[in-house]
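The lines below spell out each chain.
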Amino acid sequence: MSRVYNFSAGPAVLPEEVLREAAEEMMDYKGSGMSVMEMSHRSKVYDGIIKEAEADLRELMDIPDNYKVLFLQGGASQQFAMIPMNLMKNKKAAYIVTGQWAKKAFQEAQNYGEAVKVASSEDETFSYIPDCSDLDIPEDADYVYICENNTIYGTKYKTLPNTKGHTLVADVSSCFLSEPVDVSKYGIIYGGVQKNIGPAGVVIVIIREDLITEDTLPGTPTMLKYKTHADADSLYNTPPAYGIYICGKVFKWLKKMGGLSAMKERNEEKAKILYDFLDGSKMFKGTVRKEDRSLMNVPFVTGDKELDAKFVKEAEAAGFVNLKGHRTVGGMRASIYNAMPKEGVEKLVAFMKKFEEEN
Ligand SMILES: *Cc1c(COP(=O)(O)O)cnc(C)c1O
């Protein structure tokens, strides 16, 4: 068996310990005689798995009691529609467009009401986070929407926008559980888990209870109402059962690692190794405004497309895979999520140094 250093933006690297445990339990989950994949989601055993996953997530994020935790399907992209369908009571919402994912959410919301773009960083290819301290937010906006960590461009909000009393909704797909957050500042925090938590197929939605109502837009399908899933504790229909089980294992791993404060420290240390190198390099350059840099996704370029391609190819041969930048940006991107060990980043930097010397 040989494992590579996987810098994929998602689906992405998972803790080896979690993968090994899952392998051990594959044929016989704790004496049940079957795999979690083969188990009824209504069984007592599975009920234990999903309840424990939720309890561990609540503990990790210190989620207040007036928030529900939902394990849903449809990826982060389904939330782009589900959010306006459930929250747009006044048929108006404010969107801050800081990248492709925020833009997609903004465009989707236009199908359901008036989505107002209150700030954007598209003028400089999303390489920064706009000043959100005093935005012109419509009085009757139902919520303010952000993508907190921009996976493709490698920017992250260091302070949350001043929503002027409006509900904040955040897509945290690529920074989920990377550092502590104050859940009470948000109406909804959600993310697809395939970036920083588990296998694709699960999206976690943490939602304040008062936002869960019967009063959704006309025609909202049962499956797309938060209330449906909240009332059934995420077991309205068959949930992505195996994926949730793996997420639960990752929550346990995070607790063992010391929780989110410890992860933050670790992630800062890892990112610093890479950013310090980029700042000193004559060949490689970071593409993002320094104060807005993400701890999770680190895009960089050489400025020469052929050299970029050569780097990606040689890196792959050396065991550093998925470093090619997003198709809309080019260059390179190293995603260094929770499960990427510090050693992986150190070795990547050593490889980049060597490449720089030789080219
Ligand atoms: C990957 C990603 C998405 C899309 O996720 P899907 O689960 O594929 O729909 C949305 N938002 C962000 C921030 C992402 O990184």
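Anything mentioned here points back to the structure above.
So, here is what we can say about the structure in this document. (Residues numbered from 1 in each chain as written. Predicted model: local features only at pLDDT ≥ 70, side-chain atom pairs only at ≥ 80, totals over all residues. Heavy atoms only, no water.)

Attention shifts here to a nonpolar patch on the surface. Side chains of Met26, Met27 and Met37 sit close together on the surface and give an oily, nonpolar patch of about 340 Å² of accessible area. Note that Met26 resides in the loop between helix H1 (16-24) and helix H2 (44-61). (Patch = residues over 30% accessible without salt bridge, like charges linked within 9 Å, V, L, I, M, F, W, Y side chains within 5 Å. Areas by Shrake-Rupley, 256 points an atom, 1.4 Å probe, with all protein chains shown as cover. Salt bridge = Lys/Arg side-chain N within 4 Å of Asp/Glu carboxyl O. Helix = DSSP H or I, 4+ residues; strand = E, 2+ residues; numbered from the N terminus.)

Let us now look at the site of the ligand. Close contacts around the ligand come from Gly75, Ala76, Ser77, Phe80, Trp101, Cys147, Asn149, Thr151, Asp171, Ser173, Gln194 and Lys195, and that covers them all. Taking Ser77, its side chain carries an N or O atom lying 2.6 Å from an oxygen atom of the ligand. One of the side-chain N or O atoms of Asp171 is found 2.6 Å from a nitrogen atom in the ligand. The protein chains hide 86% of the 390 Å² of surface that the ligand would expose on its own. The leading source of residues in the shell around the ligand is helix H3 (residues 75-87), at 4 residues. Split into classes, the residues belonging to the shell around the ligand amount to 4 nonpolar, 6 polar and 2 charged. (Near = heavy atom within 4 Å. Polar contact = N/O pair within 3.5 Å; in protein donor to acceptor, adjacent residues only side chain to side chain. Nonpolar A, V, L, I, M, F, W, Y, C, P; charged D, E, K, R; others polar.)

Let us look at the packing of H2 against helix H6 (residues 241-256). At a closest axis distance of 9 Å, the pairing of H2 and H6 adopts a crossing angle of 40°. When the axis of H2 is compared with that of H6, the two are oblique. In this structure, H2 crosses over H6, and the sense of that crossing is left-handed. Residues Tyr46, Ile49, Ile50, Glu52, Ala53, Asp56, Leu57, Glu59 and Leu60 of H2 touch H6, and the partners they reach there are Ala241, Ile244, Tyr245, Gly248, Phe251, Lys252, Leu254 and Lys255. Grouping the constituent residues of the contact of H2 with H6 by class yields 11 nonpolar, 1 polar and 5 charged. (Axes fitted to C-alpha atoms, helices over the stretch in contact; angles between N-to-C directions. Parallel < 35°, antiparallel > 145°, perpendicular 65-115°, else oblique. Left-handed = near helix turned anticlockwise from the far one by under 90°. Contact = heavy atoms within 4.5 Å.)

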